[in-house]
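Below are the chains, spelled out letter by letter.
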Amino acid sequence: MLNVSLDQEAEQYLVEILSQEKTTSSELIKKLLRDYRQNFQSQKSVLERMGGMPKHLLSVGNLSDRDTRREIIASRIRASHQREV
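Residues numbered from 1 in each chain as written. Predicted model: local features only at pLDDT ≥ 70, side-chain atom pairs only at ≥ 80, totals over all residues. Heavy atoms only, no water.

Here we come to the overall build of the protein chain. In terms of regular secondary structure, the protein chain is built from four helices and zero strands. Taken from the N to the C terminus, the helices and strands of the protein chain come in the order α-α-α-α. Computed over the C-alpha atoms, the radius of gyration of the protein chain is 29 Å, more than 25% above the 12 Å expected from 2.2 N^0.38 for a compact globule of 85 residues. Along the three orthogonal principal directions, the C-alpha set of the protein chain runs to about 80 × 30 × 20 Å. Residues classed as buried in the protein chain amount to 2% of the 85 residues present. When the accessible surface of the protein chain is split by element, carbon and sulfur atoms take 55% of a total near 8400 Å². Computed over 14 positive and 12 negative side-chain charges, the separation of the two mean positions in the protein chain equals 12 Å. (Helix = DSSP H or I, 4+ residues; strand = E, 2+ residues; numbered from the N terminus. Rg over C-alpha atoms; globule rule 2.2 N^0.38 Å. Buried < 20%, exposed > 50% of the residue type's maximum accessible area, 1.4 Å probe, protein only. Areas by Shrake-Rupley, 256 points an atom, 1.4 Å probe, with all protein chains shown as cover. Lys, Arg positive; Asp, Glu negative; His and termini not counted. Charge placed at Lys NZ, Arg CZ, Asp CG, Glu CD.)

See below:
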């Protein structure tokens with residue numbers, strides 16, 4: 001059991017909401033907590049909302065190695081020159 005002390009303003013809000021919803025305070029608090037929990041759990045990251053990591057930005061291989069990066073860049077340049085000809 002949890003006891004909460006409300007200030008006068010919060011208590012007034014609670015009374016107004018209870019009269020509009022026509023429910024008990026414990027049912028209202030359960031509903032608010034359930035809604036908050038569902039909303040909190042369903043929040044996605046920005047990347048997830050955008051559809052995940054863009055595949056064209058992902059690369060294969062050890063790009064932290066300078067020789068590997070150099071070879072990948074060179075092969076892309078050669079490929080672009082071959083397409084132009």
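There's more to say after this.
Another aspect to go through is unusual backbone geometry. In this structure, K22 takes a positive phi of about 55° despite not being glycine. Looking at where K22 falls in the secondary structure, it is placed in the loop between helix 1 (8-21) and helix 2 (25-41).

To continue, consider helix 1. Taking 1.5 Å of rise per residue, 14 residues should cover 20 Å, and helix 1 covers 20 Å from first to last C-alpha, within 8% of that figure. Immediately downstream of helix 1, the backbone of K22 shows phi near 55°, a positive value. (Expected span 1.5 Å × (residues − 1).)

This brings us to the pattern of salt bridges. A pair can form between side chains of opposite charge whenever their charged atoms are brought close. Within this structure, the stated rule accounts for three salt bridges. Across the salt bridge formed by K30 and E27, the nearest N and O atoms sit 3.5 Å from each other. In this pair, K30 and E27 are both assigned in helix 2, three residues apart and thus about one turn of the helix distant. Assessed through its relative accessible area of 47%, K30 is described here as partly exposed. One salt bridge connects K31 with D35, and the closest N-O pair in it is separated by 3.0 Å. Here D35 and K31 lie together in helix 2, a separation of four residues that amounts to about one turn. Look at K31 and you get partly exposed, because its relative accessible area is 39%. (Salt bridge = Lys/Arg side-chain N within 4 Å of Asp/Glu carboxyl O.)

Detailed reading of the predicted coordinates is not advisable wherever pLDDT is low. In this model, the protein chain carries a mean pLDDT of 84, and residues with pLDDT of at least 70 account for 92%. Within the protein chain, the element-level pLDDT minimum falls on helix 3 (residues 46-49), averaging 79, and the maximum on helix 1, averaging 91. (pLDDT = per-residue confidence, 0-100.)

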